[in-house]
Amino acid sequence: MDRREFLQVLASASAAGLPLAGCAGIGATDGAGAGAAADAMYDIPRFGNVSLLHFTDCHAQLTPIYFREPSVNIGVAAANGRAPHLVGEHLLKAYGIRPGSAQAHAFTYLDFDLAARTYGKVGGFAHLATLVKRMRASRPGALLLDGGDTWQGSATALWTNGQDMVDACKLLGVDMMAAHWEFTLGAKRVKEIIDKDFKGRIEFLAQNVKTTDFEDPVFKPYEIRSINGVPVAVVGQAFPYTPIANPRYMTPEWSFGIQEERMQKMVDEARAKGAQVVVVLSHNGMDVDLKMASRVTGIDAILGGHTHDGVPQPVIIANRKGKTLVTNAGSNGKFLGVLDLEVKGGRLVDFRYRLLPVFANMLPADREMQDLIDRVRAPYKAKLEEKLAVTDGLLYRRGNFNGSFDQLILDALMEVKGAQIAFSPGFRWGTSVLPGQAITREHLMDQTAITYPYTTLTDMTGEFIKTVLEDVCDNLFNPDPYYQQGGDMVRVGGLTYVCDPTADMGRRILDMRLNGEPIQPSRTYKVAGWAPVAEGATGEPVWDVVESWLKAKGTIAPRRLNLPKLVGVQGNAGLAG
């Protein structure tokens, strides 16, 4: 925006109660204001003798973006009312964050449109690189850990088969990584990157991936590094449900799973080899990590990902032999976790943790990384920037049940495919678009860039539709975290329903209706969808279907979200007030 627009935003922010202290520095891209704001945000005193830097779930976002945090992130059973299931004011109160501040914008959905225009975009690898270098300059020997979901989520990652992200992570200085969506490039490509690009540079860790025939380990389970004379073990944990959540045919000879017993064995083995600190680099999802921390002993900290939860401070979990710090570092390159540990007498005695938002306007772009990003994007620049339509309303994805960009995809599928009902996967990745912005091809690909993008039109009985919804709902709300699979609820178009997240399996989905009429179990309905996991699936790519719809519309009116009526969760801290 130009200076006049920026001043108008500041005036609007003041009228809305947003503090202006620091806003001028944040909104500006250079000058003393930006420098002072950056110093206040990022001057973190060094503590202890071991430092770990952590980012996760960047989903191939090389450039700064807008990203709205969820207003619905319901916790059930033991998870009710505790991190990560805190949204909006509940989260601000729990962590003592001042409403209207830059931190409040980073961690919540509150006043998102206005705050996004005030504080600017977040993430971007050039800005993340600057922050990483800044942290490393004050923390000799600090390791940079990548929690996975790095090679997927953008057009350029899809079109380069992940090579853009591999090159960016090498330049960023990643030391070790875990994985999930990486596996959707196929086993052959994953091994190629490890053997060619990562060899001698980045460790790809996964203690829970074995061959299906002889149960041999596929990847190195852990790595021990000395940091300022302290032996530190990092154990990798890939997403346990990869062959269920994603196509099995992409990794046919590998098995996954939580593998709790093997995790304990790896931790004990690393300790026996002299590790004074043991950290798990996890892609379990935070609820799973919290349970694992209560059952596996000897882990000092879990640096977690998968569920995209930006949690300002670790949750401290007690187990029968000690305590474990459990963290989760958000998504989309929006945060960098900084864990400082003090190790004395061969054991961890104290820590400090900060989850730092990466505000692009507060951190200058690292020149070398920016040059790489520019080179990667150059062949695709015109294609990426092509305007498909303009949105009158905010478009976002993240949330347990639906987002406005998901609704846009559902509306397009039903109209183009002539379907009565549409399903769209409960993916947690996908950037946000502000009202008045052009929807570009890049924005569309940010929501859809997968290696199995086929659209479908299927006849389903009402009974089968209920079975599908119940199954996905159990993946999200099963009271035992080990039975959760970490996605959000399938997005539903056309069909309305009532949902009780606290009910038992098979009883959560109630009163399904189409156009006000009850869904009949034996009746057949036309259902559109995309991203089938079955081998041999075909169909027009979802981005082509939605692109043609966007171009035909030109201007996209604000989407009316098709949300279920929720019962049994009144007062839940994971629901917007």
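For the structure itself, look to the data block above.
Below, the structure is looked at part by part. (Residues numbered from 1 in each chain as written. Predicted model: local features only at pLDDT ≥ 70, side-chain atom pairs only at ≥ 80, totals over all residues. Heavy atoms only, no water.)

1. What about the packing of aromatic side chains?
No. 1: Inspection of every chain in the model, using the stated rule, returns 19 aromatic pairs.
No. 2: Ring geometry for F55 and F125: centres 6.0 Å apart, planes at 90°, overall edge-to-face. On the criterion of sequence distance, the pair formed by F55 in strand 1 (residues 50–55) and F125 in helix 7 (residues 125–138) is long-range, its members being 70 residues apart. Accessibility assignment for this pair places F55 and F125 in one class, buried.
No. 3: Ring geometry for F427 against W530: centres 5.6 Å apart, planes inclined by 80°, an arrangement best described as edge-to-face. With F427 in the loop between strand 16 (421–424) and strand 17 (438–440) and W530 in strand 23 (residues 524–530), this residue pair connects regions lying 103 residues apart in the sequence.
No. 4: The class of F427 is buried, set by a relative accessible area of 11%. (Phe/Tyr/Trp six-rings, centres within 6.5 Å; stacked < 30°, edge-to-face > 60°. Helix = DSSP H or I, 4+ residues; strand = E, 2+ residues; numbered from the N terminus. Buried < 20%, exposed > 50% of the residue type's maximum accessible area, 1.4 Å probe, protein only.)

2. Here we look at the sheet that holds strand 15 (residues 387–391)
No. 1: One open sheet accounts for three strands, arranged 17-15-24; its pairing is mixed. Looking at the sheet topology across the chains shown, the edges are occupied by strand 17 and strand 24 (555–556).
No. 2: Of the pairings in the sheet, the one linking strand 15 to strand 24 comprises two bridges and is parallel in character. Paired with V390 across the strands is T555, a residue of strand 24. (Pairing = 2+ DSSP bridges.)

3. Re the pairing of strand 15
No. 1: Among the five residues that make up strand 15, four are buried, leaving the element largely enclosed by the rest of the structure.
No. 2: Relative to strand 17, strand 15 runs antiparallel, the two sharing three bridges. By the bridge assignment for strand 17, A389 is matched with I439.

4. Looking at the nonpolar core
No. 1: Within the largest apolar cluster, 124 residues are counted, with the highest numbers of intra-cluster contacts made by F125, W151, L172, F204, F219 and L336.
No. 2: With 35 residues, the next largest nonpolar core counts L384, A389, M414 and Y452 among its residues. (Core = buried A, V, L, I, M, F, W, Y, C linked by side-chain atoms within 4.5 Å.)

5. Here we look at the pairing of strand 12 (residues 322–328)
For a regular strand, side-chain orientation follows a simple rule: the groups alternate between the two sheet faces.
No. 1: Counting buried residues along strand 12, five of its seven residues qualify, which places the element largely inside the surrounding structure.
No. 2: Pairing analysis gives four bridges linking strand 10 (residues 301–304) to strand 12, with the strands arranged parallel. For L303, the partnering residue across the bridge sits in strand 12 and is T327.
No. 3: Bridge count between strand 11 (residues 315–319) and strand 12: five bridges; the pairing is antiparallel. Of the residues in strand 12, the one forming a bridge with I317 is T324.

6. Re the pattern of salt bridges
No. 1: Applying the stated criterion across every chain, the model contains 38 salt bridges.
No. 2: Residue R559 is joined to D411 by a salt bridge in which the shortest nitrogen-to-oxygen separation is 2.8 Å. Here R559, found in the loop between strand 24 and strand 25 (565–566), pairs with D411, found in helix 16 (residues 404–417); they are 148 residues apart in sequence, far enough to count as distant.
No. 3: Take D411: its relative accessible area is 18%, and that puts it in the buried class.
No. 4: Taking the shortest distance from any N to any O, the salt bridge between K551 and E547 comes out at 3.0 Å. Linking K551 with E547, this pair stays in helix 19 (residues 542–553), spanning four residues, or about one helical turn.
No. 5: Of the residues examined, K551 reaches a relative accessible area of 42% and is grouped as partly exposed.
No. 6: Here the salt bridges share partners, and the residues they tie into one network are R136, D175, E203, K220, E223 and R225. (Salt bridge = Lys/Arg side-chain N within 4 Å of Asp/Glu carboxyl O.)

7. Notes on the sheet that holds strand 19 (residues 491–493)
No. 1: If you trace the four strands from one edge of the open sheet to the other, you get 18-23-16-19, paired in mixed fashion. Looking along the sheet, the strands with just one partner apiece sit at the ends: strand 18 (455–461) and strand 19. Here the strands of the sheet are splayed against their neighbours by 25° on average, with no regard to which way each runs.
No. 2: Sheet topology note: the strand 18/strand 23 ladder contains seven bridges and is antiparallel. Opposite L457, over in strand 23, you have A528 as the bridge partner. (Axes fitted to C-alpha atoms, helices over the stretch in contact; angles between N-to-C directions.)

8. Some details on the packing of helix 17 (residues 441–448) against helix 19
No. 1: Between helix 17 and helix 19, the least distance of the axes is 10 Å, while the angle of their chain directions is 140°. Classified by the angle their axes make, helix 17 and helix 19 are oblique. Helix 17 and helix 19 meet at a crossing whose hand is right-handed. Counting all contacts with helix 17, which are made through R441, L444, M445 and T448, the residues of helix 19 involved are V542, W543, V546, E547 and K551.
No. 2: Classifying every residue of the contact of helix 17 with helix 19 gives five nonpolar, one polar and three charged. (Parallel < 35°, antiparallel > 145°, perpendicular 65-115°, else oblique. Left-handed = near helix turned anticlockwise from the far one by under 90°. Contact = heavy atoms within 4.5 Å. Nonpolar A, V, L, I, M, F, W, Y, C, P; charged D, E, K, R; others polar.)

9. Things to note about helix 16
No. 1: Between its first and last C-alpha, helix 16 extends 20 Å over 14 residues, near the 20 Å set by a 1.5 Å rise per residue.
No. 2: Along helix 16, 11 of the 14 residues are buried, which leaves the element largely enclosed by surrounding structure.
No. 3: Within helix 16, burial applies to S404, F405, D406, Q407, L408, I409, L410, D411, A412, L413 and M414. (Expected span 1.5 Å × (residues − 1).)

10. Here we look at helix 6 (residues 112–119)
No. 1: Of all the positions in helix 6, only F112, A115, A116, T118 and Y119 are classed as buried. All buried residues of helix 6 fall inside an arc of 165° around its axis, so they share one side.
No. 2: G120 sits one or two positions beyond helix 6 and adopts a positive phi of about 85°. (Arc of directions from axis to C-beta.)

11. What about the side chain of T56?
No. 1: Here T56 shows up in the loop between strand 1 and helix 4 (88–95).
No. 2: A distance of 2.8 Å separates polar atoms of two side chains, one belonging to T56 and the other to D57.
No. 3: If near-sequence neighbours (up to four positions away) are discounted, T56 is found in contact with G147, G148, H283, G304, G305, H306, A329, G330, S331 and N332. (Polar contact = N/O pair within 3.5 Å; in protein donor to acceptor, adjacent residues only side chain to side chain.)

12. Examining a negative patch on the surface
No. 1: The grouping of D213, E215, D216 and E253 at the surface amounts to a negative patch.
No. 2: For D213, a relative accessible area of 54% gives the class exposed. (Patch = residues over 30% accessible without salt bridge, like charges linked within 9 Å, V, L, I, M, F, W, Y side chains within 5 Å. Areas by Shrake-Rupley, 256 points an atom, 1.4 Å probe, with all protein chains shown as cover. Lys, Arg positive; Asp, Glu negative; His and termini not counted. Charge placed at Lys NZ, Arg CZ, Asp CG, Glu CD.)

13. With respect to the side chain of T242
No. 1: Within the secondary structure layout, T242 lies in helix 11 (residues 242–245).
No. 2: Judged by relative accessible area, which is 2%, T242 ranks as buried.
No. 3: With residues up to four places along the chain from it excluded, the contact list for T242 reads H180, F183 and F256.

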